[in-house]
Amino acid sequence: MTAQILFDFFVFPGIVFTAVLGLLAGWVDRKVSARFQYRVGPPLFQNFNDVFKLLGKETILVKTGNRWLFIAAPLAGFAVLSLAATSVGTALFFGRAAGMDLIVLMYLLMFYSVLIVLGGASPGNVFSSLGAGREVKLLLADELPFILACLVPVVRSGYKLDFGAILAYQAGHGMLVASVSGAVAFVVALLAVQAKMALPPFHIPEAETELVAGPFIEYGGPLLAFWKLNQFMMLVVFPFLLILLFWGGFDLRGLGLLWGILKYLLILVLIIIIKNTNPRVRTDTAIAFFWKYLSPLALAAVVLAVLGV
Amino acid sequence: MGWYNRRLAKSLWVFHVSASPCNNCDIEILDLLTPRYDVERFGIKLVGSVRHADVLLVTGVINEKVAPRVRRLYEQAPKPVFVVGIGTCPTSGCCFKESYNTVQRREDVIPFDVYVEGCPPKPEAMIDAIVKLVGVLNG
Ligand code: SF4
């Protein structure tokens, strides 16, 4: 039992699997973005090289500010995302969910954003504090539609919060994205996920043209490597979560594997396309977009789900 | 260290230090980063924060006013970090050699590893310099 938990957390589908797949997904992201700009793009193992290089560099701690928070934030973020990846992955592949349900996962994902805020605010750099402040605003903006959209599978599967019930419902009744409420909720969730990953057009906290690197500006060396790894791991956790909630799961046997990989690539490429075709929005536009348009839409999806459509 | 140096050579993140240039070299550096030359093929990426940098691209004669700042930028970068002097300015002072506020011993301010000649150098010349740096790293 313990051995299984350790294996789940450290190897598959936890740290090793998520990190390797995330780095490869990051390569897909960079390559597709490069093709969008008529470039060739980086080689396959570029992200591995980047992370290994960062791990071997000097760690610089800022004299002002809170050092413990500065060091703890990326490491805790890594732990939180590994935990999230373990719960989503075990639910998706083995139906175990590592003892967690949707609520715990929501907390973990929100906690990761809070860690970015803490890490960004700790060095006392003006730019990184601004980035941290923007991260708070973005979290406020995207959390409501994201939760509402995630409620739709819960309602449809008979008000059950555990992943197994959602998957079982979809196994019996077909993918949720094929129904009206599921499709609407999927679109909302996809956009909210884009904001949760702070990818363009919602890269407001990082905004390299004005805030340089946002919350990560003072990070260098191994600590930055962990932040980068976290960002790549999010490219695995969030698409898997969307597959789990809306696209009917991931079967590891036979053709199901191929079908699952296709689903994953499709969601990943959708995210990349949204990323590459939209310029950054302002903070107030983003909040207005999420609160005025997406939240009512998500609410309508929940109502539809209650009606059973 | 060989293994690590090869990783480093494949992922050089550059940071642009503008140390009182005439601005022409900066424009050429931006040219270098456009899709036409696509240096991301070699893992080279422009970063905005010096804490993320592996290579400092220094343009311009370092004058008295920016010298302390350039020094500070170098100290803020996590080591190992390499310094590439872009253009004739950091190499020899160019036409500002005898100016009243040009720092005469630039090597004391910041230790250059590679120089790129030209006023301004073509992007190809800069790629050549980076390739030399990569060659040194690969041993
Ligand atoms: S080398 Fe020439 S082009 Fe470059 S900054 Fe100096 S004067 Fe300008």
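Everything in this summary refers to the structure shown in the same document. Residues take numbers from 1 onward in each chain, read along the sequence in its written order. Think of it this way: whatever chain is written first is A, whatever ligand is written first is 1, and the rest follow in order. For a predicted model such as this one, the threshold for reporting local features is a pLDDT of at least 70, and the threshold for listing and counting side-chain atom pairs is 80 or more; totals across whole chains, interfaces and linings nevertheless cover every residue. Only hydrogens and water are set aside; all other atoms, that is, all heavy atoms of the structure, feed into the side-chain values.

Describing the overall build of chain B
Secondary structure is summarised from DSSP: a helix means a run of H or I of at least four residues, a strand means a run of E of at least two, and numbering begins at the N terminus for each. Broken down by element type, chain B carries six helices and five strands. Reading chain B from its N end, one meets helices and strands in the order α-β-α-β-β-α-β-α-α-β-α. For 139 residues, the compact-globule estimate of 2.2 N^0.38 gives 14 Å, and chain B sits close to it at 14 Å. In terms of principal-axis extent, the alpha carbons of chain B reach across some 45 × 30 × 25 Å. This radius of gyration counts C-alpha atoms alone. The globule rule is 2.2 Å times how many residues there are, raised to the power 0.38.

Overview of the interface of chain A and chain B
For this analysis, residues touch if any pair of their heavy atoms sits within 4.5 Å. Facing 28 residues of chain A, the contacting portion of chain B comprises 25 residues. Put simply, buried area is how much 1.4 Å-probe accessible surface two parts lose in total, over both of them, once they are put together. Buried area between chain A and chain B, summed over both chains or domains, comes out near 2200 Å², and the portion from carbon and sulfur atoms is 53%. We define a salt bridge as a contact between a side-chain nitrogen of Lys or Arg and a carboxyl oxygen of Asp or Glu at a distance within 4 Å. Counting across the interface, chain A meets chain B through six salt bridges. Arg-39 of chain A is the partner of Asp-38 of chain B in a salt bridge, and the nearest nitrogen-oxygen pair spans 3.0 Å. Any N or O atom pair separated by 3.5 Å or less is treated as a polar contact, with the protein-specific requirement of one donor-capable and one acceptor-capable atom, and with residues adjacent in sequence counted only for side-chain atom pairs. In this structure, the connection of chain A to chain B is made through 20 residue pairs in polar contact (both at pLDDT 80 or more). Sorting the residues of the side of chain A that touches chain B by element identifies α3 (46-55) and α9 (222-246) of chain A as the ones contributing at least two each. The dominant element in the side of chain A that touches chain B, judged by the number of residues it contributes, is α3 of chain A, at six residues. Within the side of chain A that touches chain B, the residues separate by chemical class into 13 nonpolar, seven polar and eight charged. Residues are grouped as follows: Ala, Val, Leu, Ile, Met, Phe, Trp, Tyr, Cys and Pro are nonpolar; Asp, Glu, Lys and Arg are charged; all remaining types, including Gly, are polar.

So, the packing of aromatic side chains
Geometry of aromatic contacts follows a simple scheme: Phe, Tyr and Trp rings, the Trp one being its six-membered ring, pair when their centres are within 6.5 Å, and the pair is stacked under 30 degrees between planes, edge-to-face over 60, tilted otherwise. Taken as a whole and assessed by the stated rule, the structure comprises 18 aromatic pairs over all chains. Look at Phe-45 of chain A and Phe-48 of chain A: their rings are 5.4 Å apart centre to centre, the planes differ by 65°, and that puts the pair in the edge-to-face class. Here's how the labels work: a residue is buried when its accessible area is under 20% of the maximum for its type, exposed when over 50%, partly exposed in between, all with a 1.4 Å probe on protein chains only. Overall, Phe-48 of chain A belongs to the buried group, its relative accessible area being 16%. With a centroid separation of 5.0 Å and an interplanar angle of 50°, the aromatic rings of Phe-216 of chain A and Trp-227 of chain A are classed as tilted. Of the two residues, Phe-216 of chain A is situated in the loop between α8 (180-196) and α9 and Trp-227 of chain A in helix α9; the sequence distance between them amounts to eleven residues. Both residues of the pair, Phe-216 of chain A and Trp-227 of chain A, count as buried. Among the aromatic side chains, those forming a connected cluster through ring pairs are Phe-70, Tyr-112, Phe-216, Tyr-219 and Trp-227 of chain A. The residue whose ring lies beneath Lys-45 of chain B is Trp-13 of chain B, and the NZ or CZ to ring-centre distance is 4.2 Å. Two thresholds decide whether a charge sits over a ring: the Lys NZ or Arg CZ must be within 6 Å of the ring centre and within 35 degrees of the ring normal.

Describing the sheet that holds strand β4 (residues 82-86) of chain B
Residue and element names in this part refer to chain B. Here a strand pair is declared whenever DSSP counts at least two bridges between the two strands. Across the sheet, five strands lie side by side as β2-β1-β3-β4-β5; this open sheet has parallel pairing. In this open sheet, the two strands that pair with only one neighbour each are β2 (45-46) and β5 (114-116). With five bridges joining them, strand β1 (residues 13-18) and strand β3 (residues 55-59) adopt parallel strand pairing. Residue pairing across strands places Ser-18 opposite Thr-59, the latter belonging to β3. Across the face of the sheet, helix α6 (residues 123-138) comes into contact with β3, β4 and β5 while running at roughly 165° to β5. To get an axis, a line is fitted to the C-alpha atoms, and for a helix only the part in contact is used. The angle between two axes follows their N-to-C directions and goes from 0 to 180 degrees.

So, the site of the ligand
All names here are of chain B. The local shell around the ligand consists of Pro-21, Cys-22, Asn-24, Cys-25, Gly-87, Thr-88, Cys-89, Cys-94, Phe-96, Gly-118, Cys-119 and Pro-120. Only α2 (24-32) and α4 (88-92) provide two or more residues apiece to the shell around the ligand. When its residues are assigned to classes, the shell around the ligand shows eight nonpolar, four polar and no charged. Here, proximity means that at least one heavy atom of the residue falls within 4 Å of the molecule or strand.

Observations regarding the pattern of salt bridges
Following the criterion strictly, the structure yields 15 salt bridges over all chains and no others. Residues joined by salt bridges that share partners form a network here, namely Arg-30, Arg-39 and Asp-50 of chain A together with Asp-38, Glu-40 and Arg-41 of chain B.

Side note on the nonpolar core
One recurring pattern in soluble globular proteins: nonpolar side chains tend to sit buried together. Only buried residues count toward a nonpolar core. Its members are Ala, Val, Leu, Ile, Met, Phe, Trp, Tyr and Cys residues joined through side-chain atoms within 4.5 Å. If you look at the biggest cluster of nonpolar residues, it comprises 112 residues, and the most contacted ones within it are Leu-109, Phe-146 and Phe-240 of chain A together with Leu-56, Val-58, Ile-62 and Ile-110 of chain B. A total of 19 residues in this core trace back to one element, the largest contributor, which is α9 of chain A. If sequence neighbours within four positions are ignored, Phe-240 of chain A has contacts with Phe-17, Leu-21, Val-88, Leu-92, Phe-93, Phe-250 and Tyr-264 of chain A. Judged by nonpolar contacts, the second largest core, of 24 residues, contains Leu-12, Ile-29, Val-39 and Ile-127 of chain B.

Remarks on unusual backbone geometry
In the segment running from Pro-200 of chain A into Pro-201 of chain A, the intervening peptide bond is cis, with an omega of 5°. Here Cys-119 of chain B and Pro-120 of chain B are connected by a cis peptide whose omega angle stands at -5°. With respect to the helices, strands and loops of the structure, Pro-120 of chain B is situated in the loop between β5 and α6. Positive phi values are uncommon outside glycine, yet Tyr-159 of chain A reaches one of about 55°.

A short note on the pairing of β3 of chain B
Residue and element names in this part refer to chain B. Burial runs high along β3: five of the five residues are buried. Burial of β3 is two-sided: the residues Val-55, Leu-57 and Thr-59 facing one way and the residues Leu-56 and Val-58 facing the other way are all buried. Across five bridges, the pairing between β3 and β4 is parallel. Considered in β4, the bridge of Leu-56 is made with Val-83.

Points about the layout of surface pockets
Cavities and pockets were defined on a 1 Å grid built over protein atoms only: a cavity is a set of grid points that admits a 1.4 Å probe from which the probe cannot escape, a pocket is an open set flanked by protein on both sides within 12 Å along at least five of seven lines, and lining residues are those with an atom within 4 Å of any such point. Grid points are joined across faces, edges and corners, and a volume is the space filled by probe spheres set on the points. Considered as a void within the structure, the largest pocket measures approximately 1600 Å³ in volume. Glu-208, Lys-228 and Lys-275 of chain A together with Lys-45 and Leu-46 of chain B are the residues nearest the centre of the largest pocket, which is lined by 43 residues in total. At the level of elements, α2 (15-36), α3, α9 and α10 (255-277) of chain A together with β1 and β2 of chain B are the ones that each hand at least two residues to the lining of the largest pocket. Residues that form the lining of the largest pocket fall into these classes: 21 nonpolar, eleven polar and eleven charged. Of the volumes computed, that of the second largest pocket is approximately 300 Å³.

A short note on the environment of Val-116 of chain B
Residue and element names in this part refer to chain B. In this structure, Val-116 sits in strand β5. Exposure remark for Val-116: the relative accessible area of 3% places this residue in the buried category. Along the backbone, Val-116 and Leu-33 are 83 residues apart, and their C-alpha atoms lie at a distance of 16 Å. When sequence neighbours within four positions are dropped, the list of residues in contact with Val-116 reads Val-84, Gly-85, Ile-86, Gly-87, Thr-88, Thr-91, Pro-121, Ala-125, Met-126 and Ala-129.

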